[in-house]
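# Structural characterization, general
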Amino acid sequence: MAYRAHVIISGTPEQAQEVKAALMGKLDTLGLNEEIEVREATGLTPRSVTMASRGVEAVVYPEVVHYAGLTPAAAELIAEEHLLKGRPVQDLFFEEHPAEPLDAPSAKEVRVVLRNVGTINPESIDDYIAEDGYAALGKALTEMTPAEVLEVLKTSGLRGRGGAGFPTWLKWSFARAAVSDEKYVVCNGDEGDPGAFMNRRVLEGDPHAVIEGMAIAAYVVGAQEGYFYVRAEYPIAIRTLRLAIEQARDYGLLGKNIFGTDFSFDLEVRMGAGAFVCGEETALMQSIEGKRGQPRTRPPFPATSGLWGKPTNINNVETYANVPQILLQGGEWFASMGTEKSKGTKTFAIAGKVKRTGLIEVPLGITVREIVYDVGGGVLDSRPFKAVQTGGPLGGCIPEKHLDLPVDYESLASVGSAMGSGGFIVMDDLTCMVDMARFFMEFAQEESCGKCVPCRVGTRQMLEILESICAGTGKPGDIEALEKLGASVTQGSLCGLGQGAPNPVLSMILNFRNEYERHIYDHKCDAKVCRALIEFTIDPPTCIGCTRCARNCPVDAIAGKAREAHVIDPEICIRCGICAEVCPVDAVFVE
Amino acid sequence: MEDVIAATNRIIDKYGANSESLVEILRELNDVGGYLTTEHLAQAAKRLRVPESKVASVASFYSLISLEPMGRHVIRFCQDAPCHVVGGREVWEALEHELGIPFGETTLDGEWSLMTTSCIGACAVGPVMMVDEDIYGNLTPERAREIIARYRTASRQAAQSAERAGFAAQGGQE
C-alpha cells in the first residue's frame, strides 16, 4: 500500500509506544490511518545527535520534519495539525541543543557508521538501497578483484573497532592466504562492555550495512558462509537482523551467484545466552559451535583455524559497517579523517555524569575535552570533572590532567586506558574511585570463565581487598598487594578479559592513589559514597521537625518530636540515605 | 500444560536436533518455564546424542539459562558502571526493600525474581531494568516502586477477572 506520509518514532520503548499509540489512535479518529504509516524506529536513540535524553522523537516524511520531547498529547496535536491540516507544529520542533546553546557542537560529529541510523526504516531493504546500499558490494564483485578491495582497505587505514585496533586489511589478508575448501566470516555482535551500545544501534538501525560489509569480507577471504553472533540481551537487534537477511535473500543479495557472478554467500544468526567472555573471539566461536564459551590459546589464530577448525575472519559490527562506505568513497577519503595511526571515525556511547548522554560518532583524534564539553555539553549539574572511564571493564580512567589527550588507540593506551568498544563514562567529584574500581572488579570476577587460575582466583582476591577498603577495614600494604596481584592476573591469563580485568583498578590507583590512601589511613571517603566511612547528621537549625525522615527510616534510627529538630543515632543508622531523599528542606548532611 | 519431554522435543526439532545449536536450544527451552530441570537436561542429552555432562556444563555456563525456579515476573536490574554512576544503588536497594528479598532470590509466593543483568545497552537512560521483556529507564527509587505496583495491580485484576470467569462458568453449569 502506498502511504502519503510516514512517521518514525523513537525513544525508550515504553515511552515511544505510548506516543505511538496516541498518534495512531488520533489518526484513526481522523480517518487517516490508511494514508499515514507510523513506525517505531527500534532502539533507544533518535535521529540527529542520537541523544536519548531528549525524550521521544518523531520524524515526519517525506518533508523530514523533526519533532522532539513528545508526549501522547503532543502526538495527537501533530496528527491533527501537521498530518491532517498540513501545518507543522513549530513549538514541538527538534532544536539542536535546547538546554544550553553551545558553539556548533554537533559540527564535531561525523557520521559514517551511523549515517543511516534513525533516518531510514531498518525493516526496509529498499530504504537502504536508496542510500547507495549494496552498491559497494556490486562494485566489489563486478569491478574489483579481492586484492584490489584489500588495497583500498589498506589505504583507508581501518582498524578493528572491537577495541584491539588490529588493521582490518591485514586480518583479511591472513584469512585470504589460508588454504582450505571451507572458510567462514563471523560478525562479533556480542557487545558486552557495560556502557557500550553502538553495535546495538547499528544492528537495530542499519542492519544491511553490516551484512554488506560481511559479504565483501567473504568475497575477499573466499568464504561462502557467515555467522552473526548476537547477544540474547538484544532481542530487537536479532529480530531486525533476521528480517534484513531474509530481505537480502529475496533480492538475491545473499545466496547463490550474487550480482550474476559466481560468488555465493549466505548468513546465519546465532544467539548468545548471557556470557561476557563470549565477546572474546575464540570463546565466541566455541559458543557458535554449541559449547561453553571458554577462550583457548592463540595461536592458532582464527584466520588459520577458527570455526570448526577452518580459516575464519572475525570482525566487530562497527568494523564491517565501515567497509561499504570505504569502498564507495575511497580509502583516501577515510584516511583523511583521524590521526596518523588511527584513521576514520569512531562511535562512542557517552554515559554517566554528563549533560547529554547518548551515542556519538566523531573523527579519531578529537580530544577528551571536546567529547565531554562540546559534544556532551559538560558535566551534569556543572559539577567538577573527575575522570572518564573508557574501554569498559577492561579499560582505564583518564583524569583531568589528560583532558586534552587526543582520543586514538595509541594515546589512550599511553595513559593506561584503552579504546575498547567505545564506552565513555563521565565521572564527577561525587564518584568514589575505590568504589568504581570495586564495581569493575566485581564485574570481571563474575564474568571470569574460570579457565585460567590467575583470573579466576586473582580477580576474587582483588575484589576482596577492594571491598575491605570500601568497608573501612583496609590495611597498609593493600594498595601494593592490588598492584602485585594485578600484574600477575594480566600476565597469567589467556584472553583479553583476564589480561584486562586489573586495568580499571591499576589505572585508578595510578591516577587517584591519594583517594585510596584516604580510605585506608584516614578512613574518609571524600566522594561520600562508601557507607562505612560516612555519617548522616541532621542540621538542627534547618530541620523543621516534619517527622518525615523518622517515619521513613527503615531501622528507626531517627528520634525527635514534631516541629522539633530530629537526631540520627549513628549506632543504629545503616546509611541508606532515605532520610536525605525525603527531607523537604535538605537538612540531612553527609560527613 | 506441555510436559517437559514434549517441550524439549519440540524445541530440539525446531533446531533440527543439531548439537551445534545446544546453546540456543537450552536458552529457548529455559524461556518456556523460566528454568531447566534435570529432566530437561537428560532429555536434551538423549535427543542430541551427547553426554548429559556436556549439556549440564553448557547450561551452567550461561547466565540466561537458569537451573533454579524463577518467579512469574523476573526483574533484571543492570548492575553495570554507567547505571551505578547515575544512582543505581538507591534503585537497587528500593527494589530489595519493596520485594523483601535480596538480589538473586525469588519471593515465597513465586511472583517475583530479583536478578541482575549485565549491560542491556540502554546506558543513556540509566539506571535501567528489565521486567520480563520490557525495559524501563531513567529509574529512581520512586519510579521503581511505581512500576512494581503497576504489575501487582495488573496481576490482581487478572486474578479477579479469572475468578469472575470461574464463577460464571460454574453458574452456567448449574
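Residues numbered from 1 in each chain as written. Chains lettered and ligands numbered in written order. Predicted model: local features only at pLDDT ≥ 70, side-chain atom pairs only at ≥ 80, totals over all residues. Heavy atoms only, no water.

### Thoughts on the overall build of chain A
Summing up its helical and strand segments, chain A has 21 helices and 17 strands in all. Its C-alpha radius of gyration of 26 Å places chain A within 12% of the 25 Å reference for a compact globule of 591 residues. Judged by the C-alpha coordinates and their principal axes, chain A covers about 85 × 65 × 45 Å. The burial tally for chain A puts 59% of its 591 residues in the buried class. Considering only contacts within chain A whose residues lie at least 6 apart along the sequence, 70% involve residues at least 24 apart. Carbon and sulfur atoms form 51% of the exposed surface of chain A, whose accessible area is close to 22,400 Å². Within chain A, the 79 negative side-chain charges are centred at a point lying 4 Å from the centre of the 57 positive side-chain charges. (Helix = DSSP H or I, 4+ residues; strand = E, 2+ residues; numbered from the N terminus. Rg over C-alpha atoms; globule rule 2.2 N^0.38 Å. Buried < 20%, exposed > 50% of the residue type's maximum accessible area, 1.4 Å probe, protein only. Contact = heavy atoms within 4.5 Å. Areas by Shrake-Rupley, 256 points an atom, 1.4 Å probe, with all protein chains shown as cover. Lys, Arg positive; Asp, Glu negative; His and termini not counted. Charge placed at Lys NZ, Arg CZ, Asp CG, Glu CD.)

### Quick word on the nonpolar core
With 73 residues, the main nonpolar core has Trp172(A), Val185(A), Val210(A), Ile211(A), Phe228(A) and Phe265(A) as its most contacted residues. Take this core: its biggest share by element is 11 residues, from helix 8 (residues 207-221) of chain A. Contact partners of Trp172(A), with chain neighbours within four places excluded, come to Leu150(A), Leu153(A), Gly213(A), Ile216(A), Ala217(A), Val220(A), Val221(A), Asn313(A), Asn315(A), Tyr320(A) and Val323(A). By size, the runner-up hydrophobic cluster in this structure holds 40 residues, among which are Phe276(A), Met285(A), Cys452(A) and Ile11(B). (Core = buried A, V, L, I, M, F, W, Y, C linked by side-chain atoms within 4.5 Å.)

### Description of helix 8 of chain A
Residue and element names in this part refer to chain A. Given a rise of 1.5 Å per residue, 15 residues ought to cover 21 Å, and the 21 Å separating the end C-alpha atoms of helix 8 matches this to within 8%. Counted residue by residue, helix 8 has 15 buried out of 15 residues, so it is predominantly covered. Positioned one or two residues after helix 8, Gly-222 has a phi angle of 85°, which is positive. (Expected span 1.5 Å × (residues − 1).)

### Concerning the domain arrangement of chain B
Accessible area lost when the parts come together is the quantity often used to give the size of an interface. Segmenting chain B into domains produces domain 1 (4-61) and domain 2 (73-172). Distance from the C-alpha centre of domain 1 of chain B to the C-alpha centre of domain 2 of chain B: 28 Å. (Domains from an automatic or database assignment.)

### A few points about the environment of Leu32(A)
All names here are of chain A. Relative to the helices and strands, Leu-32 resides in the loop between helix 1 (13-29) and strand 2 (36-40). For the pair formed by Leu-32 and Gly-377, sequence separation is 345 residues and the distance between their alpha carbons is 40 Å. Beyond its immediate stretch of four places on either side in the chain, Leu-32 contacts Arg-4, Leu-27, Ala-79, Leu-83 and Leu-84.

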